[in-house]
Amino acid sequence: MRYSEYSYSAATQARFYEAEVELLRLGDRLTHNPCARYMRGTLLAFDAIFAVYMSHDTVLPAVPLIVSYDLSDWKYHGDIESSVRARYSRFQFPKDSYEAAVQALHYMQAIEWIAENTHRDTIVTVDTVLRLHEILLSGMPNDNRYHGFRSSFLPHKKGIDPSLITMRINELCRFINSDLFSPLGQASVIHHAFESMVPFDSMIDRTGLALAFLAMFKRGLFPDGYMVPICWGASFDKEYRRKLKDASRNQDSIEIHEQFKEDWAVYNARNTHAAVIITDSFLTAVGRLRTEWRSQNLRIPSNSALDRVMDLFLCVPGLSTIRASETIGKSYGATNEAMRQLAEAGIIKEVAIDGRERIFICDQSATLITKFVDELLRVALELENKGDQMDIEPSALTI
């Protein structure tokens, strides 16, 4: 089927529109939120946790993921493995979750790469797809020697003939560069079409998911690069999602393929809308803690180092002074003084790493983030046990 021949019911298109409007409204709220400028990595970590949970049944701890991603960005030049092995004892991953943590951090790098390199006029090509796949497999500091598409057939007649993959991916890229559907409708088509091809050999492949998100960035649904945790909704319907993927890969039955295409679209619209509710709930929780901190007897000049570093610690619970200084754009001396004041107020505390490096940690924000993810997991398991395809009410995500 040509992409121009895809069609969705009026009800599904209405769900697309509703979710898109909510995403744009959220973008406006984030733009005007004083601490949101430091929240991109935190929101991305939430999405990565549940992107990995979809395939692993492993729930990664959120705070080590946030701190490791921040560490890899500035200290290890994007080297994820070195960041995960770093001796930050307060922020280490459980021993049996190393592989899952690396996958989550690679996923975060891939989405961040999309956010930084995708604009309205970006032309998506086969090389873009291969590059995304390579980042998901190996992270950012790789040799750019793409693994390429699979060259053999898959068992049980899943996916397309390997000789057709490059041609079909080219067709998909042309569709991504068009505006035939609304943004979320286009993303759903992309994900459905990609899953039907199965173009790579890798056992766990999130390239189709990332490519669908790329289309949403390209069409302006994530202004300023904020990625909301859409994977949360998919994580509690793992069996249903597997059913949708298997149906999209059934090359013998057009009827089955078409039947589940609409279900896939509704599923994506629901998860996107739920992600807005999740993000709003987190913003509310962060806002409460921010108000509590600022009600203390501290003199906080607007736009000062103290003003900015307080907002930074709400999103990243473990920081060195030099990293905080670079992030907030203030001098080392001013940032160090802000750290001292926060430590005196009991908001953060200084700890030594291996007797050499010293960082400041914030137990309050770490606790808030951990409890928030625990609550998301509780709600996900509750909904999964009900076995329903249901909408998420805001009241279901209270902390």
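Residues numbered from 1 in each chain as written. Predicted model: local features only at pLDDT ≥ 70, side-chain atom pairs only at ≥ 80, totals over all residues. Heavy atoms only, no water.

J.: Kindly report on the nonpolar core, identifying the contributing residues and their values.
T.: Counting residues in hydrophobic clusters, the biggest one holds 141 residues, and the most contacted among them are Leu-172, Trp-232 and Phe-313. Sorting elements by how many residues they give to this core places helix α12 (residues 254-294) first, with 15 residues. (Core = buried A, V, L, I, M, F, W, Y, C linked by side-chain atoms within 4.5 Å. Buried < 20%, exposed > 50% of the residue type's maximum accessible area, 1.4 Å probe, protein only. Helix = DSSP H or I, 4+ residues; strand = E, 2+ residues; numbered from the N terminus.)

J.: Lay out helix α15 (residues 332-344) in plain terms, naming residues and giving numbers.
T.: Given 3.6 residues per turn, any residue in an α-helix points the same way as the ones three and four places further on. Helix length check: α15, at 13 residues, gives a terminal C-alpha distance of 18 Å against a target of 18 Å (1.5 Å per residue), a fit within 8%. Buried residues of α15: Thr-335, Ala-338, Met-339 and Leu-342, and no others. Along the axis of α15, the buried residues cluster in a sector spanning 105°; they form a single face. Count one or two residues on from α15 and you reach Gly-346, which has phi positive near 80°. (Expected span 1.5 Å × (residues − 1). Arc of directions from axis to C-beta.)

J.: Any details on the pattern of salt bridges? Residues and values, ideally.
T.: Applying the stated criterion across every chain, the model contains 17 salt bridges. Of the charged contacts in the structure, one is a salt bridge between Asp-311 and Arg-290, with a shortest N-O distance of 2.6 Å. Here the residue Asp-311 occupies a position in helix α13 (residues 305-315), and Arg-290 occupies one in helix α12, the gap between them amounting to 21 residues. As a salt-bridge pair, Glu-326 and Arg-323 come within 3.9 Å of each other at their nearest N and O atoms. Separated by 3 residues within a single helix, Glu-326 and Arg-323 lie in helix α14 (residues 321-328), roughly one turn from each other. Assessed through its relative accessible area of 11%, Arg-323 is described here as buried. A single salt-bridge network, built from bridges that share partners, covers Asp-70, Asp-73, Arg-323 and Glu-326. (Salt bridge = Lys/Arg side-chain N within 4 Å of Asp/Glu carboxyl O.)

J.: How would you sum up the confidence of the model for the protein chain? Please name residues and give values.
T.: Across the protein chain, the average pLDDT comes to 88, with 90% of residues at or above 70. Mean pLDDT in the protein chain bottoms out at helix α11 (residues 238-248), which sits at 73, and peaks at α13, which reaches 97. (pLDDT = per-residue confidence, 0-100.)

J.: Help me get a handle on the state of the cysteines, residues and values and all.
T.: Inspection of every chain in the model, using the stated rule, returns 0 disulfides. Considering cysteine sulfurs only, Cys-315 is the nearest to Cys-35, which forms no disulfide, with 4.9 Å between them. With a relative accessible area of 2%, Cys-35 lands in the buried category. (Disulfide = S-S within 2.5 Å.)

J.: Give me the lowdown on the environment of Ala-193, citing residues and values where you can.
T.: Tracing the backbone through its elements, the reader meets Ala-193 in helix α8 (residues 183-197). Sequence spacing of Ala-193 and Lys-261 is 68 residues, and the spatial spacing of their C-alpha atoms is 9.3 Å. Setting aside residues up to four positions removed in sequence, Ala-193 forms contacts with Tyr-3, Tyr-6 and Leu-172. (Contact = heavy atoms within 4.5 Å.)

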